[in-house]
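Each chain, written out:
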Amino acid sequence: MTYPDPAVVAAVTERFVPLRLDLFRDRQVVRPLNILWTPTLLFADRRGTVHYRSLNFLPPADFLDLLDIGEAETRLRWAEYDRAIDLLAAVTARHPDGPFAAEAIYRRGIATYLKTHSNDEMYAIWREIQERFPGSLWARRIP
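As the structure is a computational prediction, the values presented were derived from the model and not from experiment.

Undergrad: How would you explain the packing of aromatic side chains if you had to name every residue and give the values?
TA: Each aromatic ring pair is summarised here by two numbers: the centre-to-centre distance and the angle between the ring planes. Inspection of every chain in the model, using the stated rule, returns 5 aromatic pairs. For the ring pair Tyr106 and Trp126, a centre distance of 4.7 Å and an interplane angle of 5° mean the geometry is stacked. Separated by 20 residues along the polypeptide, Tyr106 in helix α5 (residues 101-116) and Trp126 in helix α6 (residues 119-132) bring together distant segments of the chain. For the pair formed by Tyr106 and Trp126, the shared burial category is buried. Measuring from ring centre to ring centre gives 5.2 Å for Tyr106 and Trp138, while their planes differ by 45°; the resulting arrangement is tilted. Linking Tyr106 in helix α5 with Trp138 in helix α7 (residues 137-140), this pair joins segments that are 32 residues apart in sequence. There is no split in this pair, since Tyr106 and Trp138 are both buried. An aromatic cluster is defined as three or more aromatic residues linked by ring pairs; in this entry it consists of Tyr106, Tyr123, Trp126 and Trp138. The side chain of Arg46 reaches across the aromatic face of Trp78, ending 3.5 Å from its centre.

Below, the structure is given as structure tokens:
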């Protein structure tokens, strides 16, 4: 199970403000968030704006990767590019062929562009997706 895993508990409590809502009891809060299925994980910033979401359960190792991607997406909105790049790089360092690897690389390309405004650097990162994950959805998103 994902949530009782000690590494997941530590990551969530150290890095996030967890909020558990009941779809029926907390309708006034849930409805504007467009939550249709449980569990739905929302990654929101300090203003409450949601920047990333994920549905359903994952094994703990994958869940930790998801936390890094969700946090990185939120940090990008606050121009915390170095932290976002580090979080996304950590996903591929831990699980180079994991289910979130191609997505993390793709988003790291975006984060690098936002930091440097360099198309060359962004495409250099994205080439890794084309080489390692050519059939992935993320490779198809590269123009």
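Picking up after the structure, the text goes on.
Undergrad: Go over a nonpolar patch on the surface with me, naming the residues and quoting the values.
TA: A cluster of nonpolar side chains, namely Leu36, Trp37 and Leu55, defines an oily patch on the protein surface of about 400 Å² accessible area. You can see Leu36 is positioned in the loop between α2 (27-30) and β1 (40-44).

Undergrad: Quick one: what's the story with the packing of helix α3 (residues 60-76) against α5, residue by residue and with numbers?
TA: When two helices pack together, their arrangement is given by the angle between their axes and by how far apart the axes lie. Where α3 contacts α5, the two axes come as close as 11 Å, and the packing angle between them is 20°. Our classification of the angle between α3 and α5 gives roughly parallel. When the axes of α3 and α5 are compared, the crossing they make is left-handed. Taking contact as the criterion, the partners of Ile69, Glu73 and Leu76 in α3 are, on α5, Glu103, Ala104, Arg107, Ala111 and Leu114. Its residues assigned to classes, the contact of α3 with α5 comprises 5 nonpolar, no polar and 3 charged.

Undergrad: Which residues make up unusual backbone geometry, and what are the values?
TA: For the peptide bond that leads from Thr38 to Pro39, omega is -10°, which places it in the cis range. Even without a glycine there, the phi angle at Asn34 is positive, about 55°. Mapping Asn34 onto the fold places it in the loop between α2 and β1. With relative accessibility at 61%, the residue Asn34 sits in the exposed group.

Undergrad: Which residues make up the nonpolar core, and what are the values?
TA: Of all hydrophobic cores here, the largest spans 20 residues; its most connected members are Phe63, Leu66 and Ile69. Breaking this core down by element, the ones donating at least two residues are α1 (6-15), β1, α3, α4 (81-94) and α5. Per-element accounting of this core gives the leading share, 6 residues, to α3. Apart from the residues within four sequence positions on either side, Leu66 is in contact with Leu41, Phe43, Tyr52, Ser54, Leu58 and Phe100. Listed in part, the 12 residues of the second largest apolar core include Ala101, Ile129, Ala139 and Ile142.

Thresholds applied
Residues numbered from 1 in each chain as written. Predicted model: local features only at pLDDT ≥ 70, side-chain atom pairs only at ≥ 80, totals over all residues. Heavy atoms only, no water. Phe/Tyr/Trp six-rings, centres within 6.5 Å; stacked < 30°, edge-to-face > 60°. Helix = DSSP H or I, 4+ residues; strand = E, 2+ residues; numbered from the N terminus. Buried < 20%, exposed > 50% of the residue type's maximum accessible area, 1.4 Å probe, protein only. Lys NZ or Arg CZ within 6 Å of the ring centre and 35° of its normal. Patch = residues over 30% accessible without salt bridge, like charges linked within 9 Å, V, L, I, M, F, W, Y side chains within 5 Å. Areas by Shrake-Rupley, 256 points an atom, 1.4 Å probe, with all protein chains shown as cover. Salt bridge = Lys/Arg side-chain N within 4 Å of Asp/Glu carboxyl O. Axes fitted to C-alpha atoms, helices over the stretch in contact; angles between N-to-C directions. Parallel < 35°, antiparallel > 145°, perpendicular 65-115°, else oblique. Left-handed = near helix turned anticlockwise from the far one by under 90°. Contact = heavy atoms within 4.5 Å. Nonpolar A, V, L, I, M, F, W, Y, C, P; charged D, E, K, R; others polar. Core = buried A, V, L, I, M, F, W, Y, C linked by side-chain atoms within 4.5 Å.

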